[in-house]
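# Remarks on the overall topology
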Amino acid sequence: MMKKGKMASKGIAIGNVRTMEHKEITVEDKQCDDVGASLKKLNEALEKSTQDLEKIRDNAEQSMGSEHAEIFDAHIQMVNDPEMKGQVEAMIEGEKLCADNAYNKVANQFIDIFSNMEDEYFKERAADIKDIRTRVLTYLQGKTPNDPSLIDKDTIIVAHDLTPSDTASLNLEYVKGFITEVGGLTSHTAIMARALGIPAIVGAQGALEDVNDGDTLALDAIDHNVYVNPDDATLEKMQDKLSAYKTYLETLNKFKDKETLTKDGVKVPLFANLGSPKELQGVTENGAEGIGLFRTEFLFMESDSQPDEATQIEAYKEVFETVQPVIVRTLDIGGDKNIPYIKQPKEDNPFLGKRAIRLCFDEIELFKTQLRALLIAAKDQKNVRIMLPMVAVVSEVRRAKSIVEEVQKELDAENITYQKNIDIGIMIEIPSAALNAKALAEEVDFFSIGSNDLIQYLFAADRMNEHVSYLYEPYDPTLLRLMHTALEAAHEAGIDIGVCGEIAGQLDLALVLAGMGMDELSMSPSSILEIRKTLSKLNSKALQTLTKDVLNAKEASEVKTIIKQFKDDNL
Ligand code: PEP
Ligand code: MG
């Protein structure tokens with residue numbers, strides 16, 4: 001049995017192992033004098049790669065929907081990127097490099113640039129270029145890419161890495177699970193596995209050494225176990241667990257169109273976090289009762305240039321017309337999210353630097369355009385609220401509100417109609433804001449706690465840095481008490497408070513937050529139904545007692561023990 005990696009997509013899978021190893025292609029550092037022949041080879045390889053990717057994209061569209069096929073449009077664009085191609089041609093012509101050599105050098109430069117970026121999103125783009133590089137180089141060397149043969153029985157794929165095009169070229173009717181040696185929870189394998197509902201473990205170092213093709217494998221991505229060639233008793237146990245899980249998923253579906261209530265009828269609205277309008281389908285499919293965090297920066301990251309007012313209005317309207325209430329967060333750029341067309345200073349500590357509202361104050365036109373677009377898009381909508389990220393002090397709220405007023409005056413002067421009654425709220429994600437919540441509550445209409453940042457700033461532990469990950473602890477009672485401080489201040493002032501950081505979607509902590517009295521919990525859509533179902537079995541009084549107990553704890557391990565005991569006693 002191996003127990004490695006991270007559970008990226010929940011579920012149970014049983015099948016035969018099929019390993020997929022990507023052999024690195026060797027490229028010799030050679031010159032080829034026949035420039036014309038090299039250029040011809042390059043064009044042919046790019047063309048064949050484009051044709052392959054178009055087929056893969058169409059397969060993906062059929063099996064996973066257009067949202068997940070878009071990644072291959074991006075790959076097609078990268079293959080045909082004039083900048084990249086121009087650089088390869090220049091090397092072929094200028095330095096007389098052979099086509100594969102030149103392509104490899106240029107692709108590697110791009111991969112280096114992307115992998116050295118702080119931003120997780122751009123880091124993942126390096127994986128995309130690696131994916132297309134392999135395909136193009138294979139063609140440049142006169143070979144055909146070795147796409148996995150057709151799989152026709154229940155299979156679990158074990159791979160070093162699984163690229164998006166690998167995933168799309170698999171026969172998904174028979175692929176029951178994935179295990180990869182690398183990749184994090186935000187890697188494409190993880191995202192696709194979740195979208196497909198295929199159980200997956202990622203980042204399981206050395207997994208390929210533990211298995212051989214044809215082994216029987218039982219993957220338990222619920223209790224985090226992997227059994228290679230299990231004995232009969234274990235196999236039977238896992239088969240039972242698999243059928244119980246299938247039944248469980250069917251029962252979850254019954255909660256889709258219900259509102260979230262505890263057993264004694266107390267409402268705990270479960271909202272969804274949204275990155276872009278493209279994700280709206282998951283929001284409605286999982287029965288979200290609203291959107292508690294619309295991270296608008298992704299709209300800006302998906303584009304090569306700043307989206308103009310009209311483009312923004314269209315994107316915001318699409319969201320507002322699909323689901324409400326919606327909390328739209330103004331741009332949170334900086335830290336780990338950078339956008340090439342917005343100039344930013346080089347900072348030693350970007351998470352402590354010009355990020356989010358701080359950057360918006362400096363890029364005032366950018367901020368005002370977004371506010372204009374939001375106010376106009378919200379015109380006929382009842383329940384759209386605007387949220388400011390990374391507020392540390394009261395003066396920032398006052399300053400932002402005066403900018404909103406300025407924008408409103410400008411719209412009035414231009415005779416443009418817009419939403420005049422819009423709530424303005426703030427993220428509570430910096431400890432100073434949580435501690436000064438009483439004063440801040442007087443300035444705004446609502447709070448939403450961003451635990452992802454609150455944890456890193458509270459414990460001085462960078463959320464991206466594995467070396468200090470022991471300090472990045474969402475179960476720590478200090479964090480929970482700080483959140484409780486903000487909640488008390490909000491409720492005393494008569495404003496509502498929710499949580500939109502990752503902890504809201506973690507079942508155990510969602511129970512604590514519900515018991516604390518949070519007005520809504522906003523999470524990744526796939527977490528909603530399970531939490532809704534669990535809450536329906538619990539009494540609000542019991543949840544409150546649970547929260548009281550954890551707030552008195554001294555450390556994370558104690559909180560975990562208390563929650564486990566609570567679940568054993570009540571579920
Ligand atoms: C948070 O910090 O918890 C949050 C929701 O914002 P982001 O993850 O986008 O920083
Ligand atoms: Mg944040």
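These lines cover the structure that appears in this document, whether it is placed above or below. (Residues numbered from 1 in each chain as written. Chains lettered and ligands numbered in written order. Predicted model: local features only at pLDDT ≥ 70, side-chain atom pairs only at ≥ 80, totals over all residues. Heavy atoms only, no water.)

To continue, consider the site of ligand 1. Near ligand 1, the surroundings consist of 15 residues, among which Arg 295, Arg 329, Gly 450, Asn 452 and Arg 463 are the closest. Note that an oxygen atom of ligand 1 is positioned 2.9 Å from one of the side-chain N or O atoms of Arg 329. Residue Asp 453 places a side-chain N or O atom 2.9 Å away from an oxygen atom belonging to ligand 1. Compared with its free state, where it exposes 290 Å², ligand 1 has 99% of that area covered by protein. For the shell around ligand 1, the secondary-structure elements that each account for two or more residues are strand 9 (291–295) and helix 18 (451–459). (Near = heavy atom within 4 Å. Polar contact = N/O pair within 3.5 Å; in protein donor to acceptor, adjacent residues only side chain to side chain. Areas by Shrake-Rupley, 256 points an atom, 1.4 Å probe, with all protein chains shown as cover. Helix = DSSP H or I, 4+ residues; strand = E, 2+ residues; numbered from the N terminus.)

Listed as protein donors to the magnesium ion (ligand 2) are Glu 429 (OE) and Asp 453 (OD); their distances from the metal cover 2.0 to 2.1 Å. Taken as a pair, Glu 429 in the loop between strand 12 (423–428) and helix 16 (431–435) and Asp 453 in helix 18 lie far apart in primary sequence, 24 residues in all. Here the two residues Glu 429 and Asp 453 agree in accessibility, since each one is buried. (Donors = N, O, S within 2.8 Å, 3.2 Å for Na, K, Ca; no water. Buried < 20%, exposed > 50% of the residue type's maximum accessible area, 1.4 Å probe, protein only.)

What follows covers the sheet that holds strand 11 (residues 384–388). One closed barrel holds the eight strands; their spatial order is 8-9-10-11-12-13-14-15, and the pairing between them is parallel. Neighbour-to-neighbour, the strand axes of the sheet open up by a mean angle of 25 degrees, direction not taken into account. Pairing of strand 11 with strand 12, which is carried by four bridges, proceeds in the parallel orientation. Bridging from a neighbouring strand, Leu 388 pairs with Ile 426 of strand 12. (Pairing = 2+ DSSP bridges. Axes fitted to C-alpha atoms, helices over the stretch in contact; angles between N-to-C directions.)

Formed by 108 residues in total, the largest nonpolar core has its most connected members in Phe 320, Phe 447, Met 483, Met 518 and Leu 521. Ignoring anything within four residues of it in the chain, the contact list for Leu 521 reads Val 268, Pro 269, Leu 270, Phe 271, Val 499, Ala 504, Ala 510 and Leu 513. Judged by nonpolar contacts, the second largest core, of 36 residues, contains Ala 45, Met 84, Leu 97 and Ile 129. (Core = buried A, V, L, I, M, F, W, Y, C linked by side-chain atoms within 4.5 Å. Contact = heavy atoms within 4.5 Å.)

One way to say it: the disulfide is the covalent bond shared by the sulfur atoms of two cysteines. Taken as a whole and assessed by the stated rule, the structure comprises one disulfide. Note that Cys 32 is cross-linked by a disulfide to Cys 98, the S-S spacing being 2.0 Å. Judged by the torsion about the S-S bond (90 degrees), the Cys 32/Cys 98 disulfide is right-handed. With Cys 32 in the loop between strand 2 (11–20) and helix 1 (35–64) and Cys 98 in the loop between helix 3 (82–94) and helix 4 (99–115), the pair connects residues that are 66 residues apart, well separated along the chain. Looking at Cys 98, the relative accessible area reads 7%, which means it is buried. No disulfide involves Cys 360; its nearest neighbouring cysteine sulfur is the one of Cys 500, lying 16 Å away. For Cys 360, a relative accessible area of 0% corresponds to the buried category. With relative accessibility at 1%, the residue Cys 500 sits in the buried group. (Disulfide = S-S within 2.5 Å.)

Attention now goes to the environment of Leu 39. Looking at the secondary structure, you find Leu 39 in helix 1. Aside from chain neighbours lying at most four places away, what touches Leu 39 is Glu 89, Ile 92 and Glu 93.

This model, assessed by the stated rule, comprises four aromatic pairs. Ring geometry for Phe 361 and Phe 367: centres 6.4 Å apart, planes at 85 degrees, overall edge-to-face. The exposure class assigned to Phe 361 is buried, which follows from its relative accessible area of 9%. The ring of Phe 255 carries the charged tip of Lys 258 above its face, separated from the ring centre by 4.9 Å. Taking the ring centre of Tyr 475 as reference, the NZ or CZ of Lys 560 above it sits at 5.1 Å. (Phe/Tyr/Trp six-rings, centres within 6.5 Å; stacked < 30°, edge-to-face > 60°. Lys NZ or Arg CZ within 6 Å of the ring centre and 35° of its normal.)

Time to look at the packing of helix 9 (residues 232–253) against helix 21 (residues 528–536). Between two packed helices, both the angle of their axes relative to each other and the distance between the axes serve to describe the pair. Interhelical geometry of helix 9 versus helix 21 gives an angle of 80 degrees and a closest axis separation of 9 Å. Taken together, helix 9 and helix 21 sit at an angle that is classed as roughly perpendicular. In this structure, helix 9 contributes Tyr 248, Thr 251, Leu 252 and Asn 253 to the contact, and helix 21 contributes Leu 529, Glu 530 and Lys 533. Broken down by class, the residue content of the contact of helix 9 with helix 21 amounts to three nonpolar, two polar and two charged. (Parallel < 35°, antiparallel > 145°, perpendicular 65-115°, else oblique. Nonpolar A, V, L, I, M, F, W, Y, C, P; charged D, E, K, R; others polar.)

What follows is about the pattern of salt bridges. Using the criterion set out here, one finds 30 salt bridges in the structure. One salt bridge in this structure joins Glu 530 and Lys 10, with 2.8 Å as the shortest N-O distance. Taken together, the residues span a long stretch of sequence, with Glu 530 in helix 21 and Lys 10 in the loop between strand 1 (6–9) and strand 2 at a distance of 520 residues. A residue is classified by how much of its surface remains accessible, and Lys 10, at 37% relative accessible area, is partly exposed. For the salt bridge of Arg 385 with Asp 496, the shortest nitrogen-to-oxygen distance reads 3.0 Å. Of this pair, Arg 385 sits in strand 11 while Asp 496 sits in strand 14 (residues 496–499); the two residues are 111 residues apart in sequence, bridging distant segments of the chain. The class for Asp 496 is partly exposed, based on a relative accessible area of 25%. Look at the salt bridges and you will find they share partners, linking Glu 297, Arg 329, Asp 332, Arg 355 and Asp 453 into a network. (Salt bridge = Lys/Arg side-chain N within 4 Å of Asp/Glu carboxyl O.)

Let's shift gears to the pairing of strand 11. Within strand 11, five of the five residues are buried, which leaves the element mostly enclosed by the surrounding structure. Burial of the side chains of strand 11 extends over both faces: Val 384, Ile 386 and Leu 388 are buried on one face and Arg 385 and Met 387 on the other. Relative to strand 11, strand 10 (residues 326–329) runs parallel, the two sharing four bridges. Bridge pairing in strand 11 links Val 328 to Ile 386. In the classification by handedness, the crossover that spans strand 11, the intervening helix 15 (residues 394–413) and the parallel strand 12 is right-handed. (Right-handed = clockwise from strand over helix to strand, strands pointing away.)

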